[in-house]
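Letter by letter, the chains look like this.
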Amino acid sequence: MTKTKSRKGILKNLLAAIGIIFLSSLPYIHDMITIRGEGLQSWVPDFGLQELLTDKNGKVMGFSSYRVFIYTLSIHLFAHIGWVGWMLDAKGKSYRFALLVPVVLSGYTVALLLFNARATEFNEPDTKFYITIVLSIIVIVNFFINNRNRSLNGE
């Protein structure tokens, strides 16, 4: 029984380590799968994704190339996963509620990239600023309401 728990623990830690190593390489994935100025590496299977994402002007989701799109998406995804990971790890911590703001904002940025909405009003600095302010107010008000309810219930 101890060996089974030990093996499961080792496997869990190994998978976590592999996941962390993979996630830490996200900002560099564009270097691994593309060649500057040429397109995909020869070993990368071509599923037609680059052509699918390219518009009539030759832009890939609004970026100058597939390589730049992959880099920008992966760097933002890297940051988003980091914020989500910290929020999940902060269970029971007093500051956890505040982590919701960067989690939502980084997710919002990833969504803008995936939906090719960079050139819209949704990506304007004032829009992001208002979203940040409103979300922050909601999170803080929710925190104080929950704390008040806990103190009234004797928790």
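Keep in mind that this is a model prediction, so the values were computed, not measured.

## A word on the overall build of the chain
No. 1: From N to C terminus, the chain includes 6 helices and 2 strands.
No. 2: Tracing the chain from N to C terminus, the helices and strands come up as α-α-β-β-α-α-α-α.
No. 3: Its C-alpha atoms give the chain a radius of gyration of 21 Å, clearly above 15 Å, the size a compact globule of 155 residues would have.
No. 4: Taken along its principal axes, the extent of the C-alpha atoms in the chain is 65 × 55 × 20 Å.
No. 5: Counting the 155 residues in the chain, one finds 22% classified as buried.
No. 6: Pairs at least 24 apart in sequence give 51% of the contacts found in the chain among residues at least 6 apart.

## Focus on helix α4 (residues 66-89)
No. 1: Under the 1.5 Å per step criterion, the end-to-end length of α4 is 34 Å for 24 residues, consistent within 8% with the ideal 34 Å.
No. 2: For α4, every residue scored as buried is listed here: Y66, R67, F69, I70, T72, L73, S74, H80 and M87.
No. 3: Looking at the buried positions of α4, the neighbouring elements they touch are α2 (29-33), β1 (34-35), β2 (39-40), α3 (49-53) and α5 (100-114).

## Some thoughts on the packing of aromatic side chains
No. 1: For the structure on display, the rule yields 6 aromatic pairs.
No. 2: When the centroid spacing of 5.9 Å and the interplanar angle of 55° are considered together, the rings of W86 and Y95 count as tilted.
No. 3: Using a relative accessible area of 34% as the deciding quantity, one classes Y95 as partly exposed.
No. 4: Both rings, one in F97 and one in F143, keep their centres 4.1 Å apart while their planes meet at 15°; by these two values the pair is stacked. A residue pair is termed long-range when its members are at least 10 positions apart, and F97 in the loop between α4 and α5 and F143 in helix α6 (residues 125-152) qualify at 46 residues.
No. 5: Given the relative accessible area of 22%, F143 is considered partly exposed.
No. 6: Put simply, the rings of W83, W86 and Y95 touch in pairs and so form one group of aromatic residues.

## Overview of a nonpolar patch on the surface
No. 1: A cluster of nonpolar side chains, F129, Y130, I133, I137, V141 and I145, forms an exposed patch at the surface whose accessible area comes to about 580 Å².
No. 2: With relative accessibility at 43%, the residue V141 sits in the partly exposed group.

## Comments concerning the nonpolar core
Soluble globular proteins tend to bury their nonpolar side chains together.
No. 1: The biggest cluster of nonpolar side chains holds 13 residues, and the ones touching the most others in it are I33, L53, V60, Y66, F69, I70 and L73.
No. 2: Secondary structure elements with two or more residues in this core: α2, α4 and α5.
No. 3: Considering every element that reaches this core, the biggest residue donor is α4, with 4 residues.

## Here we look at the packing of α5 against α6
No. 1: Contact geometry of α5 with α6 gives a least axis separation of 10 Å together with a crossing angle of 150°. For the crossing formed where α5 meets α6, the hand is right-handed. In contact with L100, V101, V104, L105, Y108, T109 and L112 of α5, α6 contributes T127, K128, I131, T132, L135, S136 and V139.
No. 2: Split into classes, the residues belonging to the contact of α5 with α6 amount to 9 nonpolar, 4 polar and 1 charged.

## Considering the pattern of salt bridges
No. 1: According to the stated counting rule, one finds 1 salt bridge in the structure shown.
No. 2: One salt bridge connects D31 with R67, and the closest N-O pair in it is separated by 2.6 Å. Here D31, found in helix α2, pairs with R67, found in helix α4; they are 36 residues apart in sequence, far enough to count as distant.
No. 3: Judged by relative accessible area, which is 14%, R67 ranks as buried.

## Points about α5
No. 1: With 15 residues, α5 extends 21 Å from end C-alpha to end C-alpha; this agrees with the ideal 21 Å at 1.5 Å per step.
No. 2: When we look at burial in α5, the residues that qualify are V101, P102, V103, S106, T109, V110, L112 and L113.
No. 3: The elements touched by buried residues of α5 are α4 and α6.
No. 4: Directly beyond the C-terminal end of α5, a positive phi value near 55° is found at N116.

What counts and what doesn't
- Residues numbered from 1 in each chain as written.
- Predicted model: local features only at pLDDT ≥ 70, side-chain atom pairs only at ≥ 80, totals over all residues.
- Heavy atoms only, no water.
- Helix = DSSP H or I, 4+ residues; strand = E, 2+ residues; numbered from the N terminus.
- Rg over C-alpha atoms; globule rule 2.2 N^0.38 Å.
- Buried < 20%, exposed > 50% of the residue type's maximum accessible area, 1.4 Å probe, protein only.
- Contact = heavy atoms within 4.5 Å.
- Expected span 1.5 Å × (residues − 1).
- Phe/Tyr/Trp six-rings, centres within 6.5 Å; stacked < 30°, edge-to-face > 60°.
- Patch = residues over 30% accessible without salt bridge, like charges linked within 9 Å, V, L, I, M, F, W, Y side chains within 5 Å.
- Areas by Shrake-Rupley, 256 points an atom, 1.4 Å probe, with all protein chains shown as cover.
- Salt bridge = Lys/Arg side-chain N within 4 Å of Asp/Glu carboxyl O.
- Core = buried A, V, L, I, M, F, W, Y, C linked by side-chain atoms within 4.5 Å.
- Axes fitted to C-alpha atoms, helices over the stretch in contact; angles between N-to-C directions.
- Left-handed = near helix turned anticlockwise from the far one by under 90°.
- Nonpolar A, V, L, I, M, F, W, Y, C, P; charged D, E, K, R; others polar.

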